[in-house]
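Here is what each chain is made of, one letter per residue.
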Amino acid sequence: MQVVYLIQRKRQRTGHEKGAAFACVRFEEGKELYDVVIIGCGVTGAAAAYELSKLQVSVMILEKENDVAMGTSRANSAIIHAGYDAPSGTLMARLNVEGNAMAEDLCKALDVPFKRIGSLVAAFDDYDEGVVRDLYERGIRNGVPGIRIIGPEETKKIEPNIAENVRCALYAPTAGIINPWEYTIALAETAVRNGAQLMRNAEVTAIARTQDGYCVTTTAGDVQAKYVVNAAGVFADKVHEMLLPPAFEIVPVRGEYDLLDRSEGTRCNTVVFQCPGPEGKGVLVSPTVHGNLIVGPSAEEIPDREDTATTAEVLAKVRERAKRAIPSVDLRQCIRNFAGVRANSRVDDFILLEEDGFVDLAGIKSPGLTAAPAIAKYAVELLRKAGLDAPEKEDFINERHVVHFAELDAEEQKALIEKNPAYGRVICRCNTVTEGEILDAIHSPIPPVSVDGIKRRCITGMGRCQGGFCGPRIVDILARELHTDPSKIVQDGTGSYILTGETKQGGERA
Ligand SMILES: Cc1cc2nc3c(=O)[nH]c(=O)nc-3n(C[C@H](O)[C@H](O)[C@H](O)COP(=O)(O)OP(=O)(O)OC[C@H]3O[C@@H](n4cnc5c(N)ncnc54)[C@H](O)[C@@H]3O)c2cc1C
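Explain the overall build of the protein chain here, please?
Helix and strand content of the protein chain: 14 helices and 22 strands. Compactness check: the protein chain gives a C-alpha radius of gyration of 23 Å against a globular reference of 24 Å for 510 residues, within 12% of the reference. Judged by the C-alpha coordinates and their principal axes, the protein chain covers about 65 × 60 × 45 Å. Considering only intrachain contacts with a sequence separation of at least 6, the fraction spanning at least 24 residues in the protein chain is 73%.

How should I be thinking about the site of the ligand in this particular structure?
What surrounds the ligand is a group of 40 residues, the closest being Gly40, Gly42, Gly71, Gly233 and Gly368. The residue makeup of the shell around the ligand, split by class, is 18 nonpolar, 16 polar and six charged.

Can you help me understand the sheet that holds strand E3 (residues 79-80) in this one?
For sheets, the rule is that strands pair by backbone hydrogen bonds, running either parallel or antiparallel. Spatial strand order, E3-E8-E4: three strands in an open sheet with antiparallel pairing. Whereas interior strands pair on both sides, the edge strands pair on one side only; in this sheet they are E3 and strand E4 (114-115). In this structure, E4 lies alongside strand E8 (residues 176-178), joined through two bridges in antiparallel fashion. By the bridge assignment for E8, Lys115 is matched with Ile177.

What's the story with the environment of Glu189 in this structure? I'm lost.
Turning to its location among the elements, Glu189 is positioned in helix H7 (residues 180-193). With 79 residues separating them in the primary sequence, Glu189 and Leu110 have C-alpha atoms 9.4 Å apart.

Looking at this structure, how should I read the packing of helix H4 (residues 91-110) against helix H10 (residues 368-385)?
The axes of two packed helices give the description: the angle between them and the distance between them. Close contact between H4 and H10 brings their axes to 6 Å; oriented N to C, the two are set at 105°. Of the possible angle classes, the one that applies to H4 and H10 is roughly perpendicular. Mapping the contact onto sequence places Met92, Leu95, Asn96, Glu98, Gly99, Asn100, Met102 and Leu106 in H4 and Thr370, Ala371, Ala372, Pro373, Ala374, Ile375 and Tyr378 in H10. When its residues are assigned to classes, the contact of H4 with H10 shows ten nonpolar, four polar and one charged.

Help me understand the domain arrangement of the protein chain, please; the structure alone is not making it clear to me.
The figure often quoted for interface size is the accessible area lost as the parts come together. Splitting the protein chain by domain gives domain 1 (2-72 + 181-246 + 348-385), domain 2 (119-173 + 250-345) and domain 3 (405-488). Taken over C-alpha atoms, the centre of domain 2 sits 32 Å from the centre of domain 3. On the side of domain 3, four residues touch domain 2, which itself brings four residues to the contact. Broken down by class, the residue content of the side of domain 2 that touches domain 3 amounts to one nonpolar, one polar and two charged.

So what exactly am I meant to see when it comes to the pairing of strand E19 (residues 351-355) here?
For a regular strand, side-chain orientation follows a simple rule: the groups alternate between the two sheet faces. In the sheet, E19 pairs with strand E20 (residues 358-362) via five bridges, with the strands oriented antiparallel. When the sheet's bridge partners are listed, Leu353 is paired in E20 with Asp360. Between E19 and E20, which pair antiparallel in sequence order, lie two residues; one of them, Asp356, sits at a positive phi of approximately 55°.

Sorry if this is basic, but what is going on with the pairing of strand E15 (residues 284-287) here?
What you see with E15 is no split at all: Leu284 and Ser286 on one side and Val285 and Pro287 on the other are buried throughout. Two strands pair when backbone bridges link them, and E15 and strand E16 (residues 293-296) are joined in this way by four bridges, in the antiparallel orientation. The residue of E16 that forms the bridge with Leu284 is Gly296. The antiparallel pairing of E15 with E16 creates a hairpin that spans five residues between the two strands, and Gly291 there sits at a positive phi of about 95°.

Would you mind showing me how to read unusual backbone geometry here?
As a rule of thumb, non-glycine residues mostly have phi less than zero, and peptide bonds are mostly trans rather than cis. In this structure, the amide linkage connecting Gly296 to the following residue, Pro297, adopts the cis form with an omega of -5°. You can see Pro297 is positioned in the loop between E16 and strand E17 (300-301). Of note, the amide linkage connecting Ser366 to Pro367 takes the cis form, showing an omega dihedral of 15°. Among the structural elements, Pro367 can be located in the loop between E20 and H10. With a phi angle near 55°, His483 is a residue other than glycine that sits in the positive phi range. For His483, the location among the structural elements is in the segment after helix H14 (470-481). Look at His483 and you get exposed, because 12 C-beta atoms sit within 10 Å.

What exactly am I supposed to notice about H14 here?
Along an α-helix, residues three or four positions apart point the same way, because every turn accommodates 3.6 residues. Across its twelve residues, H14 extends 16 Å between first and last C-alpha, which sits within 8% of the 16 Å expected from 1.5 Å per residue. Along H14, the residues that are buried comprise Cys470, Gly471, Ile474, Val475, Ile477 and Leu478. For H14, the secondary structure elements touched by its buried residues are strand E21 (426-428), helix H12 (435-442) and helix H13 (451-458). Positive backbone phi, at 55°, marks His483, one or two positions downstream of H14.

I tried to follow the environment of Glu394 on my own but got confused; where do I start?
Its location among the elements puts Glu394 in the loop between H10 and helix H11 (410-419). Given 6 C-beta atoms within 10 Å, Glu394 falls into the exposed group. Separated by 205 residues in sequence, Glu394 and Glu189 have C-alpha atoms that sit 19 Å apart.

What should I look at first to understand the packing of H12 against H13 in this one?
For the pair H12 and H13, interaxial distance at closest approach is 10 Å and the crossing angle is 105°. The pairing of H12 with H13 is recorded here as roughly perpendicular in orientation. Where H12 abuts H13, its residues Glu437, Ile438 and Ala441 lie against Ile454, Arg457 and Cys458.

Rules behind the numbers
Residues numbered from 1 in each chain as written. Predicted model: local features only at pLDDT ≥ 70, side-chain atom pairs only at ≥ 80, totals over all residues. Helix = DSSP H or I, 4+ residues; strand = E, 2+ residues; numbered from the N terminus. Rg over C-alpha atoms; globule rule 2.2 N^0.38 Å. Contact = placed C-beta atoms within 7 Å. Near = placed C-beta within 6 Å. Nonpolar A, V, L, I, M, F, W, Y, C, P; charged D, E, K, R; others polar. Pairing = 2+ DSSP bridges. Axes fitted to C-alpha atoms, helices over the stretch in contact; angles between N-to-C directions. Parallel < 35°, antiparallel > 145°, perpendicular 65-115°, else oblique. Domains from an automatic or database assignment. Buried ≥ 20, exposed ≤ 12 C-beta atoms within 10 Å, placed from the backbone. Expected span 1.5 Å × (residues − 1).

Right, here's the structure in full:
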């Protein structure tokens, strides 16, 4: 076991992902010069890798955490925004609308759950009505398809639980809901399947110019590349300043949420926003793509870029605000609180810059999740302008299939269990996730190494018990499949150990 553990450590150090061993070894010998290195594997970095993996280029993605989607891309409202919020004429406005239009085909091809349920911005007083009119006009200027202002009757017809005093609403039929982790993982996995390499536990600490491009120093060793893409989220300014003079500042703004049980999942039919104010898009109430209800976020500037703590005081305000739009929402059905940190900047736009083959994809605040596929295309344009000259691959694989046992009919389930009995063992009872699905995830192109890594791929632990029942069983499965001791399995990030030792010595493990 000890030996295997050491091998795993080596795998992390050398950045093996499936099929990547050879190239990494060559790199260790100082021979590998990647065409493009991407720093950060949130949705922006993953989308850039996906887009680049369509081309005949070598790509290395560097991620400081032990998995992808560990930053802002895992804690947000999970809305594919329609595109009326961003100031007209900005890249943010353009890429939002483009990213929204791309989501459906992309999610279909990569088997990511996505529902185009539409959104409302509800107005409850004179001020709000003015905001709704402004948003409508901006939406028209931004090219948002199908938006219109609807009166109180139509609003109530769409949302029977909306507050009685609703005056009107901006209806945007193209808004949708998605699972942001699955989106990020699907993009990154597809990039890896198409030849991109991913090095986890590789925090970039320095960047230097070389004769051929750049040498990127990480905690897992140096990587050389002709071009660099900075997609480091809340740390994008720090990464930029490893090479270039300061050009922008990331201002971390935390948003806190309540996630409600599925019993509340049908409280709304659309994403219900209130009018945006200085604190951002305001508190929304929305179904999630997996059938829960999400309430939030707040907006609070914080000093620590990775501080995702939630606070009773802020959540109380979020809940009060949510009730203004949907008074009947039963907040006692909350099963989890969480927070995400926005990579805001002092500029009201994304910061998409290129200098000498170094591309910043920075200040990717909301609607960054929506815009990611379009940002990625823009990044490739920037790289091409900087000299990247690569034809498209003829054998690009633009498909991914994930088994969702609970969504199959009885005949399909039976056939699957006959083929592989692991699909007959339910591990997560809240969401009916089977051992077969967990094994699929563990043996996928980007194998998870933590209990939450399984959660991000299989939606285990996302029900009412929040992993109370399935958590220990997932620890055992991970330990068995990774040939390691259960005490080495972490909950989430590196070092987040669950088990500290055996309570009974000498006996057999139950
Ligand atoms: C509260 C909130 C609500 C939001 N709601 C929505 C929404 O509904 N719809 C929408 O479209 N957008 C939304 N957003 C915005 C969206 O979540 C972000 O724009 C998007 O997730 C940003 O992705 P990213 O890849 O740029 O950053 P991240 O996901 O943070 O990824 C950056 C990655 O870089 C890694 N990294 C950082 N430094 C280094 C380093 N030195 N070396 C190696 N790796 C490094 C990090 O570990 C991380 O994995 C919301 C954001 C927040 C916070």
